[in-house]
Amino acid sequence: MKKDYRSEPIHRMVVIGESNAFGMCAIDPRNEWVQTVANLIRDFQDAPLQVFNNSIPANVISPESPGYGTMIGTKPSALERYKTDLIALKPDLAIIAYGFNDSRCGYAAEKFLRDLETIVSDVRRETDALVVLTSPYWAPQFDPEIWNSLKEKPDFGAFNKVGRELVRSYVIGIRKLAEKYDCIFVDLFTTTEGAIWLLNDDLCHFNDVGHRVIGQLVFNAIAANCSFIGRKSIRQAREGGFNTSNTGGTNAMGKWIEIFHKR
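Presented here is a report on the structure given in the accompanying data block. (Residues numbered from 1 in each chain as written. Predicted model: local features only at pLDDT ≥ 70, side-chain atom pairs only at ≥ 80, totals over all residues. Heavy atoms only, no water.)

### Quick look at the overall build of the protein
Convention followed: Each helix corresponds to a stretch of at least 4 residues labelled H or I by DSSP, and each strand to a stretch of at least 2 residues labelled E; elements are numbered beginning at the N terminus. Only C-alpha atoms enter the radius of gyration; for comparison, a globular chain is expected to reach 2.2 Å times N to the power 0.38, where N is the number of residues. Relative accessibility under 20% of the residue-type maximum defines a buried residue, over 50% an exposed one, and the middle range a partly exposed one, all with a 1.4 Å probe and only protein chains included. Should any heavy atoms of two residues lie within 4.5 Å, those residues are counted as being in contact. Method for areas: the Shrake-Rupley scheme with a 1.4 Å probe, in which residue coverage is limited to the protein chains shown. Working convention for charge: Lys and Arg count positive, Asp and Glu count negative, and His plus the chain ends are omitted. The atoms used to mark charge sites are NZ of Lys, CZ of Arg, CG of Asp and CD of Glu.
Check the secondary structure of the protein and you find eleven helices and five strands. Computed over C-alpha atoms, the radius of gyration of the protein comes to 20 Å, within 12% of the 18 Å expected from 2.2 N^0.38 for 263 residues, which places it in the range of a compact globule. Structurally, the protein occupies a C-alpha span of about 65 × 45 × 30 Å along its principal axes. Evaluated residue by residue, the protein yields a buried proportion of 49% over its 263 residues. Here the contacts in the protein between residues at least 6 apart in sequence split such that 75% fall between residues at least 24 apart. Taken as a whole, the protein presents about 12900 Å² of accessible surface, with 53% of it coming from carbon and sulfur. Taking the average place of the 31 positive charges on the side chains of the protein and the average place of its 32 negative ones, the gap between the two points comes to 5 Å.

### Comments concerning the side chain of Asn20
This is how the line gets drawn: Polar contact is defined as a pair of N or O atoms within 3.5 Å, subject to the rule that within protein one atom must be able to donate a hydrogen and the other to accept it, and that residues adjacent in sequence are counted only when both atoms are side-chain atoms.
Along the chain, the position of Asn20 falls in helix H1 (residues 19-22). A polar side-chain atom of Asn20 sits 3.4 Å from the main-chain carbonyl oxygen of Cys204.

### Quick look at helix H7 (residues 165-180)
For clarity, the threshold we go by: The span you would expect from a helix comes to 1.5 Å times its residue count less one.
Taking 1.5 Å per residue, 16 residues should reach 22 Å; H7 reaches 23 Å between its end C-alpha atoms and fits that length. Those residues of H7 not exposed but buried are Leu166, Val167, Tyr170, Val171, Gly173, Ile174, Leu177 and Ala178. The secondary structure elements touched by the buried residues of H7 are helix H4 (100-104), helix H5 (109-126), strand E4 (130-134), strand E5 (184-186) and helix H8 (188-192). At the exit of H7 stands Asp182, carrying a positive phi of roughly 60 degrees.

### Observations regarding the packing of helix H2 (residues 33-44) against helix H9 (residues 208-223)
Formally: Lines fitted to C-alpha atoms define the axes here, with helix axes fitted over just the stretch in contact, and angles between the N-to-C directions of these axes take values from 0 to 180 degrees. Any angle from 65 to 115 degrees is called roughly perpendicular, while one under 35 is roughly parallel, one over 145 is roughly antiparallel, and all others are oblique. Helix crossings fall into two classes, left-handed where the near helix is turned counterclockwise from the far one by less than a right angle and right-handed where it is turned clockwise. Charged means Asp, Glu, Lys or Arg here, nonpolar means Ala, Val, Leu, Ile, Met, Phe, Trp, Tyr, Cys or Pro, and polar covers whatever is left, Gly included.
Here H2 crosses H9 at 45 degrees, and the two axes come no closer than 7 Å. By the angle between their directions, the pair H2 and H9 is classed as oblique. In the crossing of H2 with H9, the sense of the turn from one axis to the other is right-handed. On H9, the residues that touch Trp33, Thr36, Val37, Leu40, Ile41 and Phe44 of H2 are His211, Arg212, Ile214, Gly215, Gln216, Val218, Phe219 and Ile222. Among the residues forming the contact of H2 with H9, the class breakdown is nine nonpolar, four polar and one charged.

### A few points about a nonpolar patch on the surface
Threshold: Without a salt bridge and with relative accessible area above 30%, a residue can belong to a patch; like charges are then joined within 9 Å and nonpolar side chains (Val, Leu, Ile, Met, Phe, Trp, Tyr) within 5 Å. We count a salt bridge whenever a side-chain nitrogen from Lys or Arg sits within 4 Å of a carboxyl oxygen from Asp or Glu.
A surface patch of nonpolar side chains, about 450 Å² in accessible area, is lined by Met253, Trp256, Ile259 and Phe260. Take Met253: it is sitting in the loop between helix H10 (228-240) and helix H11 (254-261).

### Remarks on the packing of H5 against H7
For the pair H5 and H7, interaxial distance at closest approach is 10 Å and the crossing angle is 30 degrees. In terms of orientation, H5 and H7 fall into the roughly parallel class. By crossing handedness, the relation of H5 to H7 is classed as right-handed. Here H5 contributes Ala109, Phe112, Leu113, Leu116 and Glu117 to the contact with H7, which in turn contributes Leu166, Ser169, Tyr170, Gly173, Ile174, Leu177 and Lys180. Within the contact of H5 with H7, the residues separate by chemical class into eight nonpolar, two polar and two charged.

### A few points about the environment of Asp102
The topology assignment puts Asp102 in helix H4. Taking the relative accessible area as the measure of exposure, Asp102 reaches 0% and is therefore buried.

### Topic: the pairing of strand E3 (residues 93-97)
As a reminder of what qualifies: Between any two strands, pairing holds if DSSP finds at least two bridges.
With respect to burial, E3 is a largely interior element, five of its five residues being buried. In E3, alternate side chains face the same way, and those of Leu93, Ile95 and Ala97 on one face and Ala94 and Ile96 on the other are all buried. Here strand E1 (residues 12-17) pairs with E3 via five bridges, running parallel. What sits directly across from Gly17, in E3, is Ala97. Pairing of E3 with E4 involves four bridges; the strand directions are parallel. Bridging from a neighbouring strand, Ala94 pairs with Val131 of E4.

The structure is reproduced here in structure tokens:
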């Protein structure tokens, strides 16, 4: 049997991250990926859930990051605020979503991972939270062939690093950190890679569909690794007597519904 990361419901979900976690470019607030995760958890657990989204657009992980101080939102960095914006809120679920901006401004992977490990180790030591680490998202600038084929390219200022090697080292490193500290890892990069239609026209932020995809991926990772998500469904099925003879067939052809619901 696989490891169960959490069996008790989540009451306080705290997210710390960048602009996509903030919800930028999602037209319908319900589609913001953090809201998508929260609403799916609410659907499938037997307890209320509070959300504290401390994501900041343009945020970076450290004052050492080359993007730090170049625009509004880059500071205070995650290292300067995680104790007040994450740990102090006493989360049951802590989602840490960094790497996109830092890789786009060329922050060395070993330094980024060192900084992320400081945050993760402290969260692990000072809380009992289920910790979820997400990889950076994909963007066209991480694929030189796609990037160079574009006729019009946005000016990202300090966040103008083009290339795949650095961001892939982030993805690999975050996965290893998750394993080391018993966290759930969500590889957003691999799933969104090349899907330019999931992005807003600014080629940086995700549109409504992209946000929903990301939120579903994060929820799926939690649901597949935590038994608390399944307890409500199991209880409802048992209490209601739901089984193979009285479920399904919503969109099935009538002749098959008749066969399977009357046996």
